[in-house]
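Below are the chains, spelled out letter by letter.
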Amino acid sequence: MTQNVPLILKLISSCIPIANRAGKIIQDVMKKGELHIVEKGVQDFQTEADRLAQQFISISLSRQFPCITIIGEEDDNGEEFHVDFETNEYDQSVLEKKCPDELKDIVENQITVWVDPLDGTSEYTQGLLEHVTVLIGIAVNKKAVAGVIHQPYYGYKERNDCGRTIWGLSGLGSFGYIPNDLPSDRCILTTTRSHSTGLVQEAIDSIKADEVIRVGGAGHKVLLLLEGIAHAYVFASKGSKRWDTCAPEAVLQAAGGLLTDISGNFYSYDKNTNYQNTNGVLATAKKEDHCRYLNLLPDSIKQSLK
Ligand SMILES: Nc1ncnc2c1ncn2[C@@H]1O[C@H](COP(=O)(O)O)[C@@H](O)[C@H]1OP(=O)(O)O
Ligand SMILES: [Mg+2]
Ligand SMILES: [Mg+2]
Ligand SMILES: [Mg+2]
């Protein structure tokens, strides 16, 4: 069934059911009601759901794609985990797509997968469940080229079968959501709700937006850009990591947007990179708007993150 499918499509089509299943693991932990929270650092938490979803994703992907490098947020907890799920499921709609020519011949050792099993952990622990996403980002050499963003609690207040999965591939497009037009008469920003600093606020103020939406998670904020709810995501702080931005960057770029650090430089997603996003995040729904936001941010803010 998948013999003649290029590796990159096969990998994305496998990441979708894996991300969906990780979302179920996250829901199950919440249903049981005991999160077993560990504090990794200041404003940096890990729950049972982060750990179990990480192990599930890492084990499932490495069984199926043994020569791919997988780097996950919660990799080093050393716990035993039994994966009872045969990871030979594929999302058929991905397998049917035409692979962009430049990605047809990619092999496993060129790929690094950046996994954030639960993005928006602070919000998850506070019951802000729509902020939670599962992020699986696929980099070829150092570039983020594909991403899967699963939002397990999307629509949970309205329906029982909640959740949705968005994915994108550079040169092909983005799928799984309705891209509405951005408002043309006002400027709407999105930024952190749980990791704000004086500098984060200074950067927001320098843009003089009409509205600022403060929500959790890098995945969730990029969804606001994809859906035409916010024009730009501005986070002038260290704190996020490559697994927070790889999938969002790839899906956004496939949809015509752009994600860089606050000086306009791309992060490298090479397997040997330092994984800290030291220079913050500036993402825009439209790549042609990116330069304007970049110019609005004062040099003093850019310099102080370097
Ligand atoms: N200071 C920080 N320490 C740890 N993680 C951070 C920090 N700042 C941001 N992050 C990660 O980046 C995501 C986006 O940031 P924010 O929600 O503040 O805008 C967070 O959900 C968190 O990911 P995670 O929840 O996976 O640990
Ligand atoms: Mg975390
Ligand atoms: Mg995260
Ligand atoms: Mg996380």
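Caption draft 1: The arrangement of the coordination of the magnesium ion (ligand 3) in detail. The coordination sphere of the magnesium ion (ligand 3) contains the protein donors Asp116 (OD), Asp119 (OD) and Asp244 (OD), at a distance range of 1.8 to 2.1 Å. Here the magnesium ion (ligand 3) and the magnesium ion (ligand 2) are spaced 5.2 Å apart. Each of the two residues, Asp116 as well as Asp119, counts as buried.

Caption draft 2: Looking closely at the pattern of salt bridges. Counted by the stated rule, this structure contains 11 salt bridges. Put simply, Lys104 and Asp101 hold a salt bridge, and the shortest N to O gap is 2.8 Å. Taking the relative accessible area as the measure of exposure, Asp101 reaches 52% and is therefore exposed. For Arg186, the salt bridge identified is with Glu211, shortest N-O distance 3.1 Å. You can see Arg186 sitting in the loop between strand 8 (173–175) and strand 9 (188–191) and its partner Glu211 sitting in strand 10 (residues 211–214), a full 25 residues away along the chain.

Caption draft 3: How the structure looks around the domain arrangement of the protein. By domain assignment, the protein separates into domain 1 (7–175) and domain 2 (188–305). On the side of domain 2, 31 residues touch domain 1, which itself brings 42 residues to the contact. By the criterion of area lost to domain 2, the three top residues of domain 1 are Trp114, His131 and Ala144, representing 23% of everything that side buries. Along the contact surface separating domain 1 from domain 2 lie 2 salt bridges. The partner of Arg164 in a salt bridge is Glu227, and the shortest N-O contact between them spans 2.8 Å. Taken together, domain 1 and domain 2 are joined by 11 residue pairs in polar contact (both at pLDDT 80 or more). Every element with two or more residues in the side of domain 1 that touches domain 2 is listed here: strand 3 (69–72), strand 4 (111–119), helix 4 (121–125), strand 5 (133–140), strand 6 (143–151), strand 7 (164–169) and strand 8. For the side of domain 1 that touches domain 2, the leading source of residues is strand 6, giving 8 residues. Among the residues forming the side of domain 1 that touches domain 2, the class breakdown is 16 nonpolar, 18 polar and 8 charged.

Caption draft 4: Spatial organisation of the sheet that holds strand 9. Taken together, the 5 strands give an open sheet; going across it, the order is 10-9-11-13-12, and neighbouring strands pair in mixed fashion. Among the strands making up the open sheet, the edge pair consists of strand 10 and strand 12 (258–260). This sheet shows a mean twist of 20° between the axes of neighbouring strands, independent of strand direction. Of the pairings in the sheet, the one linking strand 9 to strand 11 (residues 232–235) comprises 2 bridges and is parallel in character. Each bridged residue has a counterpart across the sheet, and for Leu189 the counterpart in strand 11 is Ala232.

Conventions adopted
- Residues numbered from 1 in each chain as written.
- Chains lettered and ligands numbered in written order.
- Predicted model: local features only at pLDDT ≥ 70, side-chain atom pairs only at ≥ 80, totals over all residues.
- Heavy atoms only, no water.
- Donors = N, O, S within 2.8 Å, 3.2 Å for Na, K, Ca; no water.
- Buried < 20%, exposed > 50% of the residue type's maximum accessible area, 1.4 Å probe, protein only.
- Salt bridge = Lys/Arg side-chain N within 4 Å of Asp/Glu carboxyl O.
- Helix = DSSP H or I, 4+ residues; strand = E, 2+ residues; numbered from the N terminus.
- Domains from an automatic or database assignment.
- Contact = heavy atoms within 4.5 Å.
- Buried area = accessible area lost by both parts, 1.4 Å probe.
- Polar contact = N/O pair within 3.5 Å; in protein donor to acceptor, adjacent residues only side chain to side chain.
- Nonpolar A, V, L, I, M, F, W, Y, C, P; charged D, E, K, R; others polar.
- Pairing = 2+ DSSP bridges.
- Axes fitted to C-alpha atoms, helices over the stretch in contact; angles between N-to-C directions.

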